[in-house]
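# Working through the structure, step by step
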Amino acid sequence: MTATTSDIEKAAEVLRAGGLVGLPTETVYGLGANAEDLAAVARIFQAKGRPPTHPLIVHIASAEHLDDWVEEVPVTARLLAEHFWPGPLTLVLRRGRRVPLEATGGLETVAVRVPDHPVALALLSAFGGGVTAPSANRFGSVSPTTAAHVRAELGDAVDFVLDGGPCEVGVESTIVDATGGTPTILRPGGVTREDLETVLGHPVAVPATSGVRVPGQHPSHYAPRARVVLVEPQKVITEAELAQEQGHQVGVFLPASLADASVNAHAVVALPDSVDAYAYGLYGFLRGLDQRGCDLIIASLPVEEGLGLAIANRLRRAAGPRHSV
Ligand code: AMP
Ligand code: MG
């Protein structure tokens, strides 16, 4: 199933011809286009149903190419790139001239990352340029973590999908504003706040997600079809059973120790004890509950340490008000 060398060559050809490629990364699957091809970039927004003001991430083959895509690289940004790339860290820097405004949602900053996945890196090397890629899902919905999810989400809107197996991290990259001064986390993700603090040697802030720096931030994102309701950990079972009795098809997230057959719900997800395994499974759990016909998902937030910070961020956004209403 994993992409062969000839698949990678074909995908590079599709990018050169202005097409869209579904590509595996260690975080989630991306919907990639040649970052310098305006028509191809426009097709990404069309395929996803994404507002044009919502910026994309430019993926590059190695930290050595960073200077080609940004205006300048502050010392701290260089340190982070050298330390975490390839890896689930995206750096927001001042936009270089090579990056069209269409890819940055009109911003003078650009988000750049080197993904840590052999198939993505092989594609980036074969292609030679920057590949701009958001997650390969319809705007607002759950990110894909397998090639099959990409095909199910986007169908014919994607020209070619490279299969690289299930994504190892399972949640998106950590986005850090590294334009100058003290770096801050714009979106928690695969590189933990603690890892960043160790490398930087000082605390790193995570400003409210409604911050003005990220346009197109909708309160609802990463959302399954079912409504997501977050409750206190000790109330998960009672709230789930109440809603089930009221006629909902309830899917419930429970720690493995509590997830036995006696819980009255339509579907029970037994959460792994390790937060890394939880992140790995998160989007699959949400998709699975949709597939099983749940209309309501009841969960609580994990402790916000390590990948727990990113999981809590995604669950809050999944539970946020829907942008269609
Ligand atoms: P996704 O489409 O899920 O891959 O998400 C891309 C993320 O990168 C979104 O949350 C964007 O808002 C964010 N992003 C991309 N470019 C920038 C930028 N220049 N400044 C701030 N956030 C950005
Ligand atoms: Mg996304």
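This text goes with the structure placed above it.
Here is a short report on the structure shown in this document. (Residues numbered from 1 in each chain as written. Chains lettered and ligands numbered in written order. Predicted model: local features only at pLDDT ≥ 70, side-chain atom pairs only at ≥ 80, totals over all residues. Heavy atoms only, no water.)

## Re the pattern of salt bridges
Applying the stated rule across the entire model yields twelve salt bridges. Asp159 is paired through a salt bridge with Arg43; the nearest N and O atoms lie 3.2 Å apart. Here Asp159, found in the loop between helix H6 (147-154) and strand S7 (160-161), pairs with Arg43, found in helix H2 (residues 38-48); they are 116 residues apart in sequence, far enough to count as distant. Judged by relative accessible area, Asp159 falls into the partly exposed class, the value being 40%. Since its relative accessible area comes to 29%, Arg43 is described here as partly exposed. With its nearest N and O atoms 2.9 Å apart, the salt bridge here joins Arg94 to Glu72. (Salt bridge = Lys/Arg side-chain N within 4 Å of Asp/Glu carboxyl O. Helix = DSSP H or I, 4+ residues; strand = E, 2+ residues; numbered from the N terminus. Buried < 20%, exposed > 50% of the residue type's maximum accessible area, 1.4 Å probe, protein only.)

## Thoughts on the sheet that holds strand S13 (residues 296-299)
Sheet architecture is open: four strands sit in the order S10-S13-S11-S12, paired in parallel fashion. The open sheet is flanked by strand S10 (227-230) and strand S12 (267-271), the only strands paired with a single partner. Recorded for the sheet is a direction-independent mean angle of 20° between the axes of neighbouring strands. Pairing of strand S11 (residues 250-255) with S12 involves five bridges; the strand directions are parallel. Residue pairing for S12: Pro255 is matched across the bridge by Leu271. On top of the sheet, helix H9 (residues 275-291) reaches S11, S12 and S13; it is set at about 160° to S11, its chief contact. (Pairing = 2+ DSSP bridges. Axes fitted to C-alpha atoms, helices over the stretch in contact; angles between N-to-C directions. Contact = heavy atoms within 4.5 Å.)

## Quick notes on the nonpolar core
Inside soluble globular proteins, nonpolar side chains tend to come together where they are buried. Among the nonpolar cores identified, the biggest contains 45 residues, and Leu66, Leu80, Trp85, Leu89, Leu91 and Leu196 are the most heavily contacted of them. Within the residue set of this core, elements represented by two or more residues are strand S2 (30-34), H2, helix H3 (66-69), helix H4 (75-84), strand S4 (89-94), strand S5 (109-113), H6 and helix H7 (193-200). Residue contributions to this core peak at five residues, all from H2. Core analysis: the second largest hydrophobic core is formed by 25 residues, Val171, Val228, Leu286 and Leu307 among them. (Core = buried A, V, L, I, M, F, W, Y, C linked by side-chain atoms within 4.5 Å.)

## Some thoughts on the environment of Ser220
If you trace the backbone, Ser220 turns up in the loop between H7 and S10. Residue class for Ser220 comes out buried when judged on its relative accessible area of 1%. The spatial distance from the C-alpha of Ser220 to the C-alpha of Leu315 is 9.8 Å, given a sequence separation of 95 residues.

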